[in-house]
Amino acid sequence: MRYPKLRELKEAVVAVISPRFTTRFPAEPCIVPEKYRGKPEFNLDTCIGCGACVNVCPSPNCLTMVDDLEVNPPVRKITHQTSACIFCGNCHEYCTTETGIKLSNNWDLATLDKESLYETHEYELQMCENCGALIGTKKHLVWLYEKLGPLAYTNPSLLLAKSGELNTEPEDIHQPPAATVREHGGSEKDAQVSDYMRILCPKCKCELNIQL
Ligand code: SF4
Ligand code: SF4
C-alpha cells in the first residue's frame, strides 16, 4: 500500500512544477493549429454565386440560396448561418472556384447578437434574353468565359456576358432583333443569324440552332 501512495505523491509534485496543458484564454489569445476548421469565410473576389456549396452542405439551414426574381435586377442571395454550421469543410472542398469559401481559424463565435450569426451575399442574375428563364449569375458566366479561354469564342452568350462586365459592348450588337426565335411551346417565328448575339438559355439556343 505504501508504494502506490508514493507514486501518487510523485505525480502530484510533477504536475505542480510542469507547464500547464490548458490555454490561458481569454486572458491570452488561443492560437489554433494551422488546419483548424473554424468559421467558413467567403472570398467575394472569387465566389461566383454558383450555389454548389449550398448543395453539398449537410447541415439543414446552414447554407441557403434564394433567387429573387421580383427585384430589378434579379439577384441570388446566399446566406450562411454560423449557429447551424458543423464545420465539416464540404463547402470549401467542393467549391467550384476552389477559393470562393474557406474555413478560417476563427473559432471564438459566441455572441448575444443573433443577427450577427447570419451572413448574406448577393449576386446579380442573368436571365435568357428570349424567354426570360434563369441562366445563372453574371459572375458565373464571366468565370466560365475566363476558364474556357479561346474556347469561349464558340459561345456568344459567354462573350456577351464578359463584354457586358467590361463595358466594351459595341452598340450595334446585342440589340433586340427584328424577329424573335420560337418561344418555348409557342408559335414559330422567323429567326435571324443576329439572334445568336443574345444571351440565351440552353433551350432557346438549341431551338435557334434547329431553325437556322
Ligand atoms: S462547413 Fe459544412 S456545415 Fe458549415 S457551411 Fe460548410 S458545408 Fe455547411
Ligand atoms: S461553391 Fe464556391 S463559388 Fe460557388 S457559391 Fe459556393 S463559395 Fe461561391
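Everything that follows concerns the structure shown earlier in this document.
Structural notes, computed from the coordinates. Treat the numbers as computed from the prediction; the structure is a model and nothing was measured.

Our next topic: the overall build of the protein. Looking only at helices and strands, one finds 6 helices and 6 strands in the protein. N-terminal to C-terminal, the α/β element order of the protein is α-β-α-β-β-α-β-β-β-α-α-α. Looking at the 212 residues of the protein, the share that counts as buried comes to 22%. Across the protein, contacts joining residues at least 24 apart in sequence account for 61% of those joining residues at least 6 apart.

Attention now goes to the site of ligand 1. Among the 13 residues in the neighbourhood of ligand 1, the closest are listed as Cys57, Cys85, Cys88, Asn90 and Cys91. Classifying every residue of the shell around ligand 1 by side-chain character gives 9 nonpolar, 4 polar and no charged.

Before going further, it helps to examine the nonpolar core. Ranked by internal contacts, the top residues of the largest apolar core, which has 26 residues, are Cys53, Leu63, Cys91, Leu141, Tyr145 and Ala161. Every element with two or more residues in this core is listed here: helix H4 (138–148), helix H5 (156–166) and helix H6 (202–211). Here this core gets 5 residues from one element, more than from any other, and that element is H4. Shared between two domains, this core takes at least three residues from each, and those domains are domain 1 (31–127) and domain 2 (128–212).

On to the pairing of strand E5 (residues 118–127), then. Relative to E5, strand E3 (residues 75–81) runs antiparallel, the two sharing 7 bridges. Across the sheet, residue Val75 finds its bridge partner in E5, namely Glu124. Sheet analysis places E5 next to strand E6 (residues 134–137), joined by 3 bridges and oriented antiparallel. Residue Gln126 lies in a different strand from E6, and its bridge partner there is Gly136. Where E5 folds back on E6, the antiparallel hairpin that results is connected by 6 residues, among which Gly132 adopts a positive phi of roughly 85°.

Turning to the environment of Trp143, a few remarks are in order. One can find Trp143 in helix H4. Note on Trp143: 23 C-beta atoms within 10 Å, which makes it buried. Once the C-alpha coordinates of Trp143 and Leu158 are considered, the two residues, 15 residues apart in sequence, prove to be 9.1 Å apart. Not counting residues up to four positions away in its chain, the partners in contact with Trp143 are Ile48 and Thr97.

As a further point, take the site of ligand 2. Around ligand 2 there are 13 residues in total, and Cys47, Cys50, Cys53, Cys95 and Gly100 lie nearest to it. Of the residues assigned to the shell around ligand 2, the class counts are 8 nonpolar, 5 polar and no charged.

Quick look at H4 now. Burial analysis of H4 places 8 of its 11 residues in the buried class, the great majority of the element. All of the buried residues along H4 are Lys138, Lys139, His140, Leu141, Val142, Trp143, Leu144 and Tyr145. Directly after H4, the chain includes Gly149, whose backbone phi takes a positive value near 65°.

About the cut-offs
- Residues numbered from 1 in each chain as written.
- Chains lettered and ligands numbered in written order.
- Predicted model: local features only at pLDDT ≥ 70, side-chain atom pairs only at ≥ 80, totals over all residues.
- Helix = DSSP H or I, 4+ residues; strand = E, 2+ residues; numbered from the N terminus.
- Buried ≥ 20, exposed ≤ 12 C-beta atoms within 10 Å, placed from the backbone.
- Contact = placed C-beta atoms within 7 Å.
- Near = placed C-beta within 6 Å.
- Nonpolar A, V, L, I, M, F, W, Y, C, P; charged D, E, K, R; others polar.
- Core = buried A, V, L, I, M, F, W, Y, C linked by C-beta atoms within 7 Å.
- Domains from an automatic or database assignment.
- Pairing = 2+ DSSP bridges.

Function cannot be inferred from these measures alone, as they are strictly geometric.
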